[in-house]
Amino acid sequence: MLYKIDEVAKECNLTKRSIRYYEEIGLIPPPERSEGGFRLYSDEHIERLKKIMNVRDVLGFSLQEVQEYMAISEAFEEFRLQYRENKEKMNEDERKQKLLGAEEILSQQLNMIDEKLKKMNDIRSEMNEMYQRVRSALE
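Here is a short report on the structure shown in this document.

When helices and strands are counted, the protein shows 5 helices and 2 strands. In the protein, the order of α-helices and β-strands from amino to carboxyl end is α-α-β-β-α-α-α. C-alpha extents for the protein along the principal axes are approximately 65 × 55 × 20 Å. Across the 139 residues that make up the protein, the buried fraction comes to 27%. The contacts of the protein with a sequence gap of at least 6 include a subset with a gap of at least 24, amounting to 55%. Just so you have it, the protein exposes about 10500 Å², and 50% of that area is on carbon and sulfur atoms. The protein carries 24 positive and 29 negative side-chain charges, and their two centres are separated by 4 Å.

Have a look at this one:
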């Protein structure tokens, strides 16, 4: 099914401008166009936009970090598809080498998340220290 930008914006809780910008910077692939030149988005576009929003909002990633995270995700997805297609053709050593590549890709994503969590925990610790000072002053 194909959707107009208004429908996608509503479904993903984004502005039309943001969607067009994400397309411009390569976060989402260009959609099909109607005969009148209107953008027509697929379910895959919506799914990808929702993933982008989760990475941005839940993990607190900047757009640059989102781009990096999504590139790593795409690399892993490409690996996964190739691995499945060729699994039976590979010997055990080849499979192990491929899996080591996947481990590296996933490690990059986990490191990005760990960095963000560390920063969040640092901020929380600082805030908690201030909170405890106020509580002590109130007592």
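Time to look at the side chain of Ser42. Within the fold, Ser42 resides in the loop between β2 (39-40) and α3 (43-57). Among the polar contacts made by the side chain of Ser42, one reaches the side chain of His45 at a distance of 3.0 Å. Those residues in contact with Ser42 that lie beyond four places of it in its chain are Met1, Leu2 and Tyr3.

Time to look at α3. Relative to the 21 Å expected for 15 residues at 1.5 Å per residue, α3 spans 21 Å between its end C-alpha atoms, a close match to the ideal helical length. Of the residues making up α3, those classed as buried are His45, Ile46, Arg48, Leu49, Ile52, Met53 and Val55. Residues of α3 that are buried sit in contact with α1 (5-12), α2 (16-24) and α4 (63-86).

Before going further, it helps to examine α1. Taken together, the buried positions of α1 are Ile5, Val8, Ala9 and Cys12. Summarising the axial view, the buried residues of α1 lie within an arc of 100°, below the 170-degree limit, and thus occupy one face. Lining the buried residues of α1 we find α2, β2 and α3. Positioned one or two residues after α1, Asn13 has a phi angle of 55°, which is positive.

Here the focus is the pattern of salt bridges. Applying the stated criterion to the full structure yields 9 salt bridges. Salt-bridge contacts for Lys16 lead to Asp6; the nearest nitrogen and oxygen are separated by 3.2 Å. Of this pair, Lys16 sits in helix α2 while Asp6 sits in helix α1, placing them 10 residues apart in sequence. On the basis of relative accessibility, which here comes to 36%, the residue Lys16 falls in the partly exposed class. One salt bridge connects Glu129 with Arg133, and the closest N-O pair in it is separated by 2.6 Å.

It is worth spelling out the packing of aromatic side chains at this point. According to the stated counting rule, one finds 3 aromatic pairs in the structure shown. Ring centres 5.8 Å apart and planes at 70° place the aromatic pair Phe61 and Tyr69 in the edge-to-face group. The burial state of Phe61 is the same as that of Tyr69; both residues are buried. Consider the rings of Phe76 and Phe79, whose centres lie 6.1 Å apart with planes at 35°: the pair is tilted. Of this pair, Phe76 and Phe79 both sit in helix α4, separated by 3 residues, roughly a single helical turn. Of the residues examined, Phe79 reaches a relative accessible area of 14% and is grouped as buried. Connected via pairs of aromatic rings, a cluster forms that spans Phe76, Phe79 and Tyr83.

What counts and how
- Residues numbered from 1 in each chain as written.
- Predicted model: local features only at pLDDT ≥ 70, side-chain atom pairs only at ≥ 80, totals over all residues.
- Heavy atoms only, no water.
- Helix = DSSP H or I, 4+ residues; strand = E, 2+ residues; numbered from the N terminus.
- Buried < 20%, exposed > 50% of the residue type's maximum accessible area, 1.4 Å probe, protein only.
- Contact = heavy atoms within 4.5 Å.
- Areas by Shrake-Rupley, 256 points an atom, 1.4 Å probe, with all protein chains shown as cover.
- Lys, Arg positive; Asp, Glu negative; His and termini not counted.
- Charge placed at Lys NZ, Arg CZ, Asp CG, Glu CD.
- Polar contact = N/O pair within 3.5 Å; in protein donor to acceptor, adjacent residues only side chain to side chain.
- Expected span 1.5 Å × (residues − 1).
- Arc of directions from axis to C-beta.
- Salt bridge = Lys/Arg side-chain N within 4 Å of Asp/Glu carboxyl O.
- Phe/Tyr/Trp six-rings, centres within 6.5 Å; stacked < 30°, edge-to-face > 60°.

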